[in-house]
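# Residue-level structure breakdown
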Amino acid sequence: MSDLAQLLAVTGGPARLVTVTGPPGVGKTRVAIEVGRWAGREHDICPAFVPLAAETEPGEILELLAAAYSIAGIPERPRPEGLRERLRRQPELAILDNLEQLPGAGEVIVELLEDCPDLTCLCTSRTRLDVYGEYEFVVDPLAVDEDDGAPGPAVTLFVERCGAVGRRAVVPRARILALNGLVPHAAADFVAHGIAPILSSLKEIMLWRAEARGLERLLPAFLHVETGLNRLALPQREFASLR
């Protein structure tokens, strides 16, 4: 976390735009929030956190950021203009979470940074924004195994979490799923450890099929189908009625 915090211009670093990248579920949001908390304590600022997973239009970034700063829009001064006035007063840190589904988000952010010289943006996304001035900070998944075959940090963390909630780490009927995609030629290891992958693209399905043919056996797998319904912010009861 300290390496990321030291990158930010608001803490004295070189970068006004940093994107934390990594596969889904790896902890990008948690890392960004912790850095924001540290920056708030150490540099007397109040970071704004803007969750964007439910948005599909990059123009919503400014509206939601304005709302995070409690800026109201009026006919004489729309919200985005009020936001720019607010961000020009003093150094600020904006945490923009989940940008991967917003094409064009990078251009919106760069334009805002150009208008507000004391603003620093810390973003999270599965991939980099690919805009001028962006620094990328990669968060890698924890390793399952060490080089010598001993349990890696992912297993150690899992066991610790089980102990923290009073559960045994080994549950007889538990199923272990791999959430972060496939590693080529890893099918034998998956089988040996009883792990079934979650496949989220046609490419991954074809790769897993090829692995199964290479081993001349059936290999279990799960499919992740993104319907978009989980982004509607529906109550659980209403969401269930749509299935």
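Data block above holds the structure.
Conventions used here
- Residues numbered from 1 in each chain as written.
- Predicted model: local features only at pLDDT ≥ 70, side-chain atom pairs only at ≥ 80, totals over all residues.
- Heavy atoms only, no water.
- Helix = DSSP H or I, 4+ residues; strand = E, 2+ residues; numbered from the N terminus.
- Buried < 20%, exposed > 50% of the residue type's maximum accessible area, 1.4 Å probe, protein only.
- Contact = heavy atoms within 4.5 Å.
- Areas by Shrake-Rupley, 256 points an atom, 1.4 Å probe, with all protein chains shown as cover.
- Salt bridge = Lys/Arg side-chain N within 4 Å of Asp/Glu carboxyl O.

### What about the overall build of the protein?
Check the secondary structure of the protein and you find nine helices and eight strands. The proportion of buried residues among the 243 residues of the protein is 35%. Within the protein, residue pairs in contact and separated by at least 24 positions form 61% of the contacts whose partners lie at least 6 positions apart. Of the roughly 15100 Å² of accessible surface on the protein, a fraction of 54% belongs to carbon and sulfur atoms.

### What to know about the pattern of salt bridges
As enumerated under the stated definition, the model contains ten salt bridges in all. Here Glu34 ties to Arg37 by a salt bridge, and the two come within 2.8 Å at their closest N and O atoms. With Glu34 and Arg37 both in helix α2 (residues 28–43) and three residues apart, the pair spans about one turn of that helix. The structure contains a network of salt bridges with shared partners spanning Arg128, Asp130, Glu134 and Glu136.

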